[in-house]
Amino acid sequence: LFFVAETLDPDAAIPYADVDVERLLREQGVTQPAFGGVTEDGVAISMSAQAVRPGAEQRDRLIGTALSTTLTWPDAAQIDIVSPEGIVDFASGEAILQGGATLTSSTGYVVTSERIVARMDAASVATDSEISATGPAGTVTAGRLELTRQTDADGGYLLVFKDGVQLLYQPQP
């Protein structure tokens, strides 16, 4: 019985992740965070991200990548908003989804805008830039939109398109 050592190829070493250790030590952050809550009127709000880090100047802000926010109403209506980047500002109660945000509703509408702002305390959504929407009624373009809770007796939500609204109505067969 003979034992012969084989020659080792240093290029065939175990591959390691390509990580900048100095950057990881210098910057704080969390990967794959998720958090949520429920508003006073029963709207469940959840948010997740690929990664978040604290804001440089304001510590009550989180700067995130690949953000996803879901608002679910007690009647099971739902809105999902995704964006490649964004800011969660705990002081103002806003989640600012930017860099090309997409809102998808359970009623069949898909809205795209450069920036969508969701209020976490009031379950409201607004844009401050142009929107393009498609849905069961057709195509809508507008300067901005707002989804807010009404303060009247029924307490429902109202979606308003503003600033140069154009609707291309396409009736369903």
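The structure under discussion appears in the preceding block.
What comes next is a walk through the structure. (Residues numbered from 1 in each chain as written. Predicted model: local features only at pLDDT ≥ 70, side-chain atom pairs only at ≥ 80, totals over all residues. Heavy atoms only, no water.)

1. Brief notes about the overall build of the protein chain
We count it as follows: For helices the rule is a DSSP run of H or I covering at least 4 residues; for strands it is a run of E covering at least 2, with both sets numbered from the N terminus onward. The buried label applies to any residue whose accessible area, calculated with a 1.4 Å probe on protein chains only, is under 20% of its type's maximum; exposed applies above 50%, and partly exposed to all values in between. By the convention used here, residues are in contact when the closest approach between their heavy atoms is within 4.5 Å. Throughout, the Shrake-Rupley method with a 1.4 Å probe supplies accessible areas, and for residues the shown protein chains are the sole cover considered.
For the protein chain, the count of helices and strands is 1 helix and 14 strands. Sorting the 173 residues of the protein chain into buried and exposed places 28% on the buried side. Restricting the contact set of the protein chain to residue pairs at least 6 apart, pairs at least 24 apart contribute 32%. Surface exposure of the protein chain reaches about 11300 Å², of which carbon and sulfur atoms provide 55%.

2. A few points about the nonpolar core
Threshold: As used here, the term nonpolar core means buried Ala, Val, Leu, Ile, Met, Phe, Trp, Tyr and Cys residues forming a set that is joined through side-chain atoms within 4.5 Å.
Ranked by internal contacts, the top residues of the largest apolar core, which has 27 residues, are Leu71, Ile81, Leu103 and Val125. Counting residues per element, the ones that place at least two in this core are β3 (44-48), β5 (61-72), β6 (78-89), β7 (94-105), β8 (110-119), β10 (131-135), β11 (138-142) and β12 (144-149). With 4 residues, β7 is the single largest residue contributor to this core. Not counting residues up to four positions away in its chain, the partners in contact with valine 125 are Leu71, Ile81, Leu103, Ile116, Val117, Ala118, Leu145, Glu146 and Leu147.

3. Comments concerning the side chain of threonine 127
Spelled out, the test is: Pairs of N or O atoms are called polar contacts if they sit within 3.5 Å, as long as, within protein, a hydrogen donor faces a hydrogen acceptor (for residues adjacent in sequence, only side-chain-to-side-chain pairs).
Inspection of the secondary structure puts threonine 127 in strand β9 (residues 124-127). Separated by 3.3 Å, the side chain of threonine 127 and the backbone oxygen of serine 129 make a polar contact. For threonine 127, the side chain forms a polar contact with the main-chain nitrogen of leucine 145, separated by 3.0 Å. Discounting chain neighbours no more than four positions away, the residues touching threonine 127 are Ser113, Arg115, Ile116, Arg144 and Leu145.

4. A few points about the packing of aromatic side chains
So the rule is basically this: For Phe, Tyr and Trp, rings pair up if their centres lie within 6.5 Å, where Trp contributes its six-membered ring, and each pair is then called stacked (planes under 30 degrees apart), edge-to-face (over 60) or tilted (otherwise).
A complete count under the given rule lists 1 aromatic pair for this structure. Between phenylalanine 35 and phenylalanine 90, the aromatic rings sit 5.9 Å apart at their centres with planes inclined by 45°, giving tilted as the arrangement. On the criterion of sequence distance, the pair formed by phenylalanine 35 in strand β2 (residues 34-38) and phenylalanine 90 in the loop between β6 and β7 is long-range, its members being 55 residues apart.

5. Comments concerning unusual backbone geometry
Despite not being glycine, glutamine 32 shows a phi value in the positive range, around 55°. Relative to the assigned elements, glutamine 32 resides in the loop between β1 (30-31) and β2. Of note in the backbone geometry, alanine 66 takes a positive phi value of approximately 50° without being a glycine. With respect to the helices, strands and loops of the structure, alanine 66 is situated in strand β5.

So yeah, pure geometry; function would need other evidence.
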